[in-house]
Amino acid sequence: TMLPYLGDYDRLYDIEDLEEHEAWIPELFEPVRLKFFTVPTVQKDILFFMREETHRDASMVVIAGVHPDCRGKIWKEVLVFRDLRMVQVFRIVGYGWQQYRISE
């Protein structure tokens, strides 16, 4: 499968390492992550990565989920919206040399 490489997503998502201005991210994302991306729902816990810096006024962040068997490749893309209080999850699929996002 042609999955994109992590690239700019170089900071492991860890709620204990988030900055004060990022406190809204786990508030919205953790219920989704714990329900759908941890054992026993999946065979292996899914690692998520963020970009190194999140702007203080950011109203949306993108979190990249790494495929458990293809380390370093983005498998899930999660959009977390602060003001809308919403999380969108997309599966990244490859077809030929193109990558597409499929809503989950």
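Caption draft 1: Region of the structure containing the environment of Leu79. With respect to the helices, strands and loops of the structure, Leu79 is situated in strand E4 (residues 74–81). Sequence-wise, Leu79 and Val62 are 17 residues apart; in three dimensions their C-alpha atoms are separated by 4.7 Å. In contact with Leu79, not counting residues within four places along its chain, are Met60, Val61, Val62, Met86, Val87, Gln88 and Phe90.

Caption draft 2: Fine view of the nonpolar core. Core analysis: the largest hydrophobic core is formed by 18 residues, its most contacted members being Tyr13, Ile25, Phe29, Phe48, Ile63, Val78 and Val80. Breaking this core down by element, the ones donating at least two residues are helix H1 (24–36), strand E2 (48–50), strand E3 (60–66) and E4. The element best represented in this core is H1, accounting for 5 residues. Setting aside residues up to four positions removed in sequence, Val78 forms contacts with Phe29, Phe48, Val61, Val62, Ile63, Val87, Gln88 and Val89. Of all hydrophobic cores here, the second largest spans 10 residues; its members include Tyr9, Val66, Phe81 and Phe90.

Caption draft 3: Seen up close, the pairing of strand E6 (residues 98–103). Summarising the sheet, strand E5 (residues 86–95) and E6 pair through 6 bridges and their orientation is antiparallel. Looking at the pairing, Arg91 lines up with Ile102 of E6.

Caption draft 4: Region of interest: the side chain of His67. Mapped onto the elements, His67 comes out in the loop between E3 and E4. From its side chain, His67 meets the backbone nitrogen of Asp69 in a polar contact 3.0 Å long.

Caption draft 5: Representation of the pattern of salt bridges. For the coordinates displayed, the defined rule picks out 8 salt bridges. The residue Lys44 makes a salt bridge to Asp69 at a minimum N-O spacing of 2.9 Å. Residue Lys44 is found in the loop between H1 and E2, and its partner Asp69 is found in the loop between E3 and E4; the two are separated by 25 residues along the sequence. Relative accessible area serves as the criterion here: at 41%, Lys44 is assigned to the partly exposed category. The partner of Arg82 in a salt bridge is Asp83, and the shortest N-O contact between them spans 3.3 Å. We classify Asp83 as exposed; its relative accessible area is 57%. Taken together, the shared-partner salt bridges in this structure form one network comprising Lys76, Arg91 and Glu104.

About the thresholds
- Residues numbered from 1 in each chain as written.
- Predicted model: local features only at pLDDT ≥ 70, side-chain atom pairs only at ≥ 80, totals over all residues.
- Heavy atoms only, no water.
- Helix = DSSP H or I, 4+ residues; strand = E, 2+ residues; numbered from the N terminus.
- Contact = heavy atoms within 4.5 Å.
- Core = buried A, V, L, I, M, F, W, Y, C linked by side-chain atoms within 4.5 Å.
- Buried < 20%, exposed > 50% of the residue type's maximum accessible area, 1.4 Å probe, protein only.
- Pairing = 2+ DSSP bridges.
- Polar contact = N/O pair within 3.5 Å; in protein donor to acceptor, adjacent residues only side chain to side chain.
- Salt bridge = Lys/Arg side-chain N within 4 Å of Asp/Glu carboxyl O.

Shape is all these values report; function is a separate question.
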